[in-house]
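# A structural walkthrough
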Amino acid sequence: MGDSKKFGFWSIVLLGINGVIGSGIYLLPGKAMKIIGPGSIWIYIFDTLLVMSMALCFAEVGGLFNKNGGPYVYAREAFGEFVGFEVGIMKWAISIIAWATMAVGFATALSKFIPAASTPIAKNLIATTILVGLGLVNISGVKATKYLNNIVTVAKLLPLILFVIIGLFFIKGGNFTPMFPNGTSGATIGSAAILIFYAFTGFESIAVAAEDMDEPQKNIPRAIIATMILASIVYILVQIIAVGILGGALAESTTPVADAAKVFMGGFGEKFVAIATLLSIGGINIAASFNAPRSGVALAEDGILPNYIAKKNKHDVPYIAVIITVLLAIPVAVSGTFTQLAMISVISRFAQYIPTCLSVIVFRKRGMKSTYNMPFGSLLPIISVIVSIWLLTKATKEQMLWGLGALIIGIPLYFVLKWVQNRNTGVAKGM
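I will try to describe carefully the structure that is included in this document. (Residues numbered from 1 in each chain as written. Predicted model: local features only at pLDDT ≥ 70, side-chain atom pairs only at ≥ 80, totals over all residues. Heavy atoms only, no water.)

## Side note on the overall build of the protein
A count of helical and extended segments in the protein gives 14 helices and 0 strands. A total of 431 residues make up the protein; the buried ones form 56% of that total. Taking all contacts inside the protein whose residues are at least 6 apart in sequence as the whole, residues at least 24 apart take part in 83%. A total accessible area of about 17,700 Å² is found for the protein, and carbon and sulfur atoms account for 70% of it. (Helix = DSSP H or I, 4+ residues; strand = E, 2+ residues; numbered from the N terminus. Buried < 20%, exposed > 50% of the residue type's maximum accessible area, 1.4 Å probe, protein only. Contact = heavy atoms within 4.5 Å. Areas by Shrake-Rupley, 256 points an atom, 1.4 Å probe, with all protein chains shown as cover.)

Okay, here's the thing in structure tokens:
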């Protein structure tokens, strides 16, 4: 029998879907169409294959460990404390920024129904309420977060499924030609691939809270694979329908899914998608509120950050980490400086993906046995790393600076924390 207080297999899958499928599915179809045309469908497929290769790597290493941390744990065990710290501290920082941004995103989406929500005071109040409210839900126990996550995830998937089923009957074949009106240069493909890749990020957070999951070494690998298969199918189908219905007009659309829904569902379709957007962004907030604090807990449990951060309450929740995460997220949310988030998120994620893929090879050479072994030996990890590096070469200098800047900041921070730790240890020994 599983522990009812923890996330079971399907709850883990729903948590993963909640963390992956978000605002990107409503915003990216038009931008992808503008870069590369109807051929954007093939870029979605390309990114699906890349992400699935990475997901299989995460599934294998996820089957080796049952503690919090995810990418941080894998990097530390494979390459040492310093690399683990770089991956871990950046993951926590990015998780906090991403959660704050999604809280503001919810206020922005709400303004379509309540225009006053877009004012600075209202935006800050709504975002802060979401951050504090979900923080309190987390502190009250994993069980409450699990049920809330499950309900919201199912609710936000239903509108997308309905959009796909109905939209299939309104597709026009002529909208798919020419397939690549802007050509197929490496720069064009790379730019589109990086943009679309953003929509697939988030699966790596599934293993961050392993200690709050039932049979993590068994369930996490299966949940990662199931999450990415389901999310990829939804993304590809939504892009096909958006292209098939709007054609060239899709490239100029800032709300592509809503515009496509309006074609075959009228004004109701617009409101329908607006509600779906709220559910989607709300769902990501719930997933982020659960995963973000656990990124800091793993570092604290290993003594890299102060150990009180990992302290738990009577509900077995790391409440100090939750409080710190909320307190750090609030000023980010009210600052309004979110224009670089996508750049930071996409590029910096590779600092988690590449070490994890390489760790598969390291752990296999050590003879470590996982509950899941990916096919084709070391081929998929190597392909994942090579394609990731290729994508990074297609990023702009600005994207690289913002994305890898966190790694640079982490270097002195690591040595300062180590110095403090050694100093405290020395004082303790002298007493």
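## What to know about the packing of aromatic side chains
Applying the stated criterion across every chain yields a total of 12 aromatic pairs. When the centroid spacing of 6.4 Å and the interplanar angle of 55 degrees are considered together, the rings of Y44 and F200 count as tilted. With a gap of 156 residues between them, Y44 in helix α3 (residues 40–62) and F200 in helix α8 (residues 186–200) connect regions that are remote in the sequence. Each of the two residues, Y44 as well as F200, counts as buried. Within the aromatic cluster, the residues linked to one another by ring pairs are F58, Y74, F197, F350 and Y353. (Phe/Tyr/Trp six-rings, centres within 6.5 Å; stacked < 30°, edge-to-face > 60°.)

## Some thoughts on a nonpolar patch on the surface
The grouping of V154, L158, I161, I165, L168, F169 and F170 at the surface amounts to a nonpolar patch, some 710 Å² of accessible area in total. When you line up the elements, F169 lands in the loop between α7 (142–167) and α8. On the accessibility criterion, F169 (71% relative accessible area) is exposed. (Patch = residues over 30% accessible without salt bridge, like charges linked within 9 Å, V, L, I, M, F, W, Y side chains within 5 Å. Salt bridge = Lys/Arg side-chain N within 4 Å of Asp/Glu carboxyl O.)

## A few points about the side chain of D47
Structurally, the position occupied by D47 is in helix α3. Judged by its relative accessible area of 0%, D47 falls in the buried class. The contacts of D47, once residues within four sequence positions are left out, are A193, I196, F197 and F200.

## A word on helix α11 (residues 319–335)
Residues spaced three or four apart along an α-helix point in a common direction, a consequence of the helix completing one turn every 3.6 residues. Across its 17 residues, α11 extends 25 Å between first and last C-alpha, which sits within 8% of the 24 Å expected from 1.5 Å per residue. Among the residues of α11, those classed as buried are I320, A321, V322, T325, V326, A329, I330 and A333. In this fold, the buried residues of α11 make contact with α5 (81–110), α6 (120–139) and α10 (256–301). (Expected span 1.5 Å × (residues − 1).)

## Some words on the environment of L157
Summarising the element assignment, L157 is placed in helix α7. On a C-alpha basis, the gap between L157 and A276 in space is 8.3 Å, while along the polypeptide they are 119 residues apart. Each residue touching L157, except ones within four places of it in the same chain, is listed here: I17 and I21.

## Focus on the packing of α10 against α11
Contact geometry for α10 and α11: axes closest at 8 Å, N-to-C directions at 120 degrees. Taken together, α10 and α11 sit at an angle that is classed as oblique. For α10 against α11, the interelement crossing comes out right-handed. Two secondary-structure elements touch here, α10 through A292, P293 and V297 and α11 through A321, V322 and T325. Here the contact of α10 with α11 is composed, by residue class, of 5 nonpolar, 1 polar and no charged. (Axes fitted to C-alpha atoms, helices over the stretch in contact; angles between N-to-C directions. Parallel < 35°, antiparallel > 145°, perpendicular 65-115°, else oblique. Left-handed = near helix turned anticlockwise from the far one by under 90°. Nonpolar A, V, L, I, M, F, W, Y, C, P; charged D, E, K, R; others polar.)

None of the figures reported here should be taken as evidence of function without further support.
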